[in-house]
Amino acid sequence: MANLTSLLLVCVVQILSTVFARSPHILFIVADDYGWNDVGFRNPDVITPNIDKLARSGMILDSSYVMPVCTPSRNSFMTGHYAFKSGLQHVVIYPPQATCSPLNYTFLPEKLKELGYATHAVGKWHLGFCKWECTPTYRGFDSFYGFYNGAEDYYSLVVAGGKDFRDNKTPVNATGEYSTHMHAKRAVSIISEHNVSQPLYLYLPFQAVHQPLQVPEKYSNMYPNVKTDSRRTYLGMVTAMDEAIGNVTEALKKKGIFNDTLIIFTTDNGGWTIHGGNNYPLRGGKTTLFEGGTRATAFVSGAGIQKSNYVYPGIIHAVDWMPTVLSAAGGLPDSNMDGVDQWDSLRTAGESKRSEFVYNIDDMKPEQCGHAAIRMGDYKLISGYPGPYQGWYKPDQVDYRHYEESTLNEIRPFIDQIMLFNLKDDPNEHVDLSKKHPDIVEKLKKRLDEYHKQIVPANFPGVTKASDPDNYGGFWTPGWC
Ligand SMILES: *[C@@H]1O[C@H](CO)[C@@H](O)[C@H](O)[C@H]1NC(C)=O
Ligand SMILES: *[C@@H]1O[C@H](CO)[C@@H](O)[C@H](O)[C@H]1NC(C)=O
Ligand SMILES: *[C@@H]1O[C@H](CO)[C@@H](O)[C@H](O)[C@H]1NC(C)=O
Ligand SMILES: *[C@@H]1O[C@H](CO)[C@@H](O)[C@H](O)[C@H]1NC(C)=O
Ligand SMILES: *[C@@H]1O[C@H](CO)[C@@H](O)[C@H](O)[C@H]1NC(C)=O
């Protein structure tokens, strides 16, 4: 009996040690509102040497998709589920809204902790914070350093009249430091202080390069030939973020774990064309269902990725990252989720396991940005209003003041409209084929209707007065839902 017990113990230890030996460190970087045409490996006018080098040492993802705005993409990264099944399909969570990513979902870092990972989050949360249970350190992260909302001031760390920055649960006052530097510094210290006998999961969702457009001059001065102020500042922000990524990469090397670290980089949605971002030659940008809003600048690199200097053509969707990261970590993803485990595909540069996905389904009225779209194979169907700013904008061609306004007049023609594109022949969505191919329209509509049956009504509450930061010493603080 004693022998059997010790034998069992040996087995358990062996299993555990193979699990741990197999588990890479994982760095998951999210750039905010980062455009398709805003990276050096695609556009030589953009200064991103660190991103370019990492991307080229692994695979640039050519067909990696996200949701058109921040909150739904982040919800997918954490849960592996579509936002329209979480009630988060309608725009984003605003500071005074009493809601958060549904608490019955298990977040990726919770699963990673079960596998023995140390888990840390640095940067922007944007998955709700009205009660503590919604916040990062209650949803699987050992530590959190950053802010709960989106779009705050990079220096004063204020959004919508409240301060928003925390070290774990403790409020942090601004010191005037630029937030990209703060985030990078913390990421570097987490890496340098980490005990490498434990696998590390570092989730690094930068505030950059979301508006407000702010950056130390040293970075914007690197773009003397850029004509518009917004674009020059935005590109400075991009280069500051790239420098931050260089610092984090350097920290991994110093620690001796660079080659044991899997690095995943993605934006949460396309560039916001009215705030310096650019997605040319793709159509549209952030907030639209066009490719400019949803086809992500993304790459994978490092531990486990066998191919380098390669542009991976397979389709990946935001919902796939949760099961894919879990699988790379040695875990067993739940097969009952929207996301599919793409780890083998990425590891070996093999065929993608996905040929179909939903861009979004939002039942709000068109003038409130309700819309839906689906891709099946080469075809994409958009139903209703795709979102504001639908053109093909060249970088630095125009300032935002010259864009069309998103008025009801612009929206009206799209109510009840269907568009069909063949993304293989027409990746930039110039030619609407809906009249030419009613049979394909019918097929995609039918499929979209099937998904629609699974929709959870949008959870988009009004303002909760009790959220007022004045009730909490000036900080946006949980405790009012
Ligand atoms: C979470 O709850 C929602 C609403 O009750 C439900 O639709 C969804 O299926 C649940 N998800 C999980 C993973 O339990
Ligand atoms: C932040 O600064 C205010 C004064 O502006 C001070 O009263 C408060 O104690 C500070 N809070 C923290 C967490 O440092
Ligand atoms: C990168 O590290 C250098 C050296 O510590 C520092 O001067 C610089 O500000 C850091 N850059 C960012 C973006 O954090
Ligand atoms: C790292 O963790 C291991 C296992 O818990 C422990 O034996 C070792 O002393 C730790 N190393 C340091 C430098 O703390
Ligand atoms: C990582 O591995 C490559 C290939 O084996 C090697 O050339 C490189 O020096 C290693 N880098 C670090 C920082 O250990």
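Every residue gets a number counted from 1 within its own chain, in the order that chain's sequence is written. Written order determines the labels here, with chains lettered from A and ligands numbered from 1. Residue-level local features of this predicted model are given only where pLDDT is at least 70; pairs of side-chain atoms are given and counted only at 80 or more, and the full residue set underlies all totals for whole chains, interfaces and linings. Based on all heavy atoms of the structure, the side-chain values leave hydrogens and waters out of the count.

1. Points about the overall build of the protein chain
And step 1. The secondary structure content of the protein chain amounts to 12 helices and 16 strands.
And step 2. Computed over the C-alpha atoms, the radius of gyration of the protein chain is 22 Å, within 12% of the 23 Å expected from 2.2 N^0.38 for a compact globule of 481 residues.
And step 3. With respect to the principal axes defined by its C-alpha atoms, the protein chain has extents near 75 × 55 × 45 Å.
And step 4. With 481 residues in all, the protein chain has 59% of them scored as buried.
And step 5. Contacts are assigned to residue pairs that have any heavy atoms within 4.5 Å of one another. Here the contacts in the protein chain between residues at least 6 apart in sequence split such that 71% fall between residues at least 24 apart.
And step 6. The Shrake-Rupley method, run with a 1.4 Å probe sphere, supplies the accessible areas, and residue values consider only the shown protein chains as cover. Total accessible area on the protein chain stands at roughly 19,000 Å², and carbon and sulfur atoms take up 53% of it.
And step 7. For the protein chain, the distance from the average site of its 45 positive side-chain charges to the average site of its 51 negative ones is 2 Å. Numbered from the N terminus, helices here are DSSP runs of H or I no shorter than four residues, and strands are runs of E no shorter than two. We take the radius of gyration over the C-alpha atoms and set the globule estimate at 2.2 Å times the residue count to the 0.38 power. The buried label applies to any residue whose accessible area, calculated with a 1.4 Å probe on protein chains only, is under 20% of its type's maximum; exposed applies above 50%, and partly exposed to all values in between. By the counting scheme adopted, Arg and Lys are positive, Glu and Asp are negative, and His together with the chain ends is not counted. A single reference atom marks each charge: NZ on Lys, CZ on Arg, CG on Asp, CD on Glu.

2. With respect to the site of ligand 1
And step 1. Note on terminology: near, applied to a residue and a molecule or strand, indicates that one of the residue's heavy atoms is within 4 Å of it. Taken together, the residues surrounding ligand 1 are Asn 104, Tyr 105 and Val 456.
And step 2. Each polar contact in these results corresponds to two N or O atoms within 3.5 Å; when the atoms are within protein, one needs to be able to donate a hydrogen and the other to accept it, and residues that are neighboring in sequence are counted only if both atoms are side-chain atoms. Measuring from an oxygen atom of ligand 1, one finds a side-chain N or O atom of Asn 104 at 2.2 Å.
And step 3. Taken by itself ligand 1 offers 360 Å² of open surface, and the protein chains cover 38% of this.

3. Some remarks on helix H7 (residues 229-255)
And step 1. A rise of 1.5 Å per residue sets the reference length of H7, with its 27 residues, at 39 Å; its end C-alpha atoms lie 39 Å apart and thus fit the reference within 8%.
And step 2. Once H7 ends, the next one or two residues include Gly 256, with phi positive near 80°. Expected helix span is taken as 1.5 Å per residue step, with the number of steps being one fewer than the number of residues.

4. Regarding the environment of Val 311
And step 1. Examined against the element boundaries, Val 311 turns out to sit in strand E12 (residues 310-317).
And step 2. Owing to a relative accessible area of 43%, Val 311 belongs among the partly exposed residues under this scheme.
And step 3. Sequence spacing of Val 311 and Val 91 is 220 residues, and the spatial spacing of their C-alpha atoms is 31 Å.
And step 4. If we skip the residues at most four places from it in the chain, Val 311 touches Ile 60 and Asp 62.

5. Side note on the pattern of salt bridges
Oppositely charged side chains can form a pair if their charged atoms are brought close together.
And step 1. Note on definitions: salt bridges are taken to be side-chain nitrogens of Lys or Arg within 4 Å of carboxyl oxygens of Asp or Glu. On inspection of all chains with the given rule, the structure shows 18 salt bridges.
And step 2. When the shortest N-O distance is used, the salt bridge between Asp 33 and Lys 286 registers 3.0 Å. Residue Asp 33 is found in the loop between strand E1 (25-31) and helix H2 (49-57), and its partner Lys 286 is found in the loop between strand E10 (261-267) and helix H8 (291-294); the two are separated by 253 residues along the sequence.
And step 3. Residue classification places Asp 33 among the buried positions, given a relative accessible area of 1%.

6. Examining the pairing of E1
And step 1. Of all seven residues in E1, seven are buried; the element is thus mostly enclosed.
And step 2. The sheet contact formed by E1 and E10 spans seven bridges and is parallel. Among the inter-strand pairings, Leu 27 is bridged to a residue of E10, identified as Ile 263. The pairing criterion is simple: DSSP has to find at least two bridges between the two strands.

7. Re the state of the cysteines
And step 1. Any two cysteine sulfur atoms lying within 2.5 Å of each other are counted as a disulfide. Under the criterion given, the structure shown has two disulfides.
And step 2. Between the sulfur atoms of Cys 100 and its disulfide mate Cys 134 the distance is 2.2 Å. Sign of the S-S torsion, about -60° for the bond between Cys 100 and Cys 134, identifies this disulfide as left-handed. Remark: Cys 134 occurs in the loop between strand E3 (118-124) and strand E4 (143-147) and Cys 100 occurs in the loop between helix H3 (70-79) and helix H4 (108-114); sequence separation between them is 34 residues. With respect to burial, Cys 100 and Cys 134 carry one shared label: buried.
And step 3. With a sulfur-sulfur separation of 2.1 Å, Cys 130 is cross-linked through a disulfide to Cys 481. Across the S-S bond of Cys 130 and Cys 481 the torsion is about 70°, and the bridge reads as right-handed. Placement of the pair is Cys 130 in the loop between E3 and E4 and Cys 481 in the segment after helix H12 (438-452), with a sequence separation of 351 residues.
And step 4. Going through the protein chain in sequence order and numbering each bonded cysteine, the pairs you get are 1-3, 2-4.

8. Structural notes on the packing of aromatic side chains
And step 1. For Phe, Tyr and Trp, where Trp contributes only its six-membered ring, two rings pair if their centres lie within 6.5 Å, and the inter-plane angle classes them as stacked under 30 degrees, edge-to-face over 60, or tilted in between. Scanning the model with the defined rule gives 25 aromatic pairs in all.
And step 2. With centroids separated by 6.1 Å and ring planes inclined at 85°, the aromatic side chains of Phe 28 and Trp 321 adopt a geometry described as edge-to-face. With Phe 28 in strand E1 and Trp 321 in helix H9 (residues 321-328), this pair connects stretches of sequence that are 293 residues apart.
And step 3. The buried category is assigned to Phe 28, whose relative accessible area is 1%.
And step 4. A relative accessible area of 1% means that Trp 321 is categorised as buried.
And step 5. Plain terms: the ring middles of Tyr 65 and Tyr 359 are 5.7 Å apart, the flat faces sit at 80° to each other, and that makes the pair edge-to-face. On the criterion of sequence distance, the pair formed by Tyr 65 in strand E2 (residues 59-65) and Tyr 359 in strand E13 (residues 356-362) is long-range, its members being 294 residues apart.

9. Here we look at unusual backbone geometry
And step 1. Residue Ala 208 is joined to Val 209 through a cis peptide bond whose omega torsion reads 5°.
And step 2. In this fold, Val 209 is placed in the loop between strand E9 (200-205) and helix H6 (217-220).
And step 3. Residue Pro 212 follows Gln 211 across a cis peptide bond; omega there is 5°.
And step 4. A positive phi is found at Ala 160, a non-glycine position, where the angle reads about 45°.
And step 5. Within the fold, Ala 160 resides in the loop between strand E5 (158-159) and strand E6 (162-163).

10. A short note on the sheet that holds strand E16 (residues 418-422)
And step 1. One open sheet accounts for four strands, arranged E13-E14-E15-E16; its pairing is antiparallel. On the outer flanks of this sheet lie E13 and E16, each paired with one strand and no other. Across this sheet, the average inter-strand angle for adjacent strands is 10°, counted without regard to direction.
And step 2. Of the pairings in the sheet, the one linking strand E15 (residues 379-384) to E16 comprises five bridges and is antiparallel in character. Note on E16: the bridge partner recorded for Tyr 379 is Asn 422.
And step 3. A fitted line through C-alpha atoms serves as each axis, taken over the contacting stretch for helices, and the angle formed by two N-to-C directions is quoted from 0 to 180°. Packing against the sheet, H12 makes contact with E13, strand E14 (371-376), E15 and E16, and its axis sits at approximately 115° to E14.

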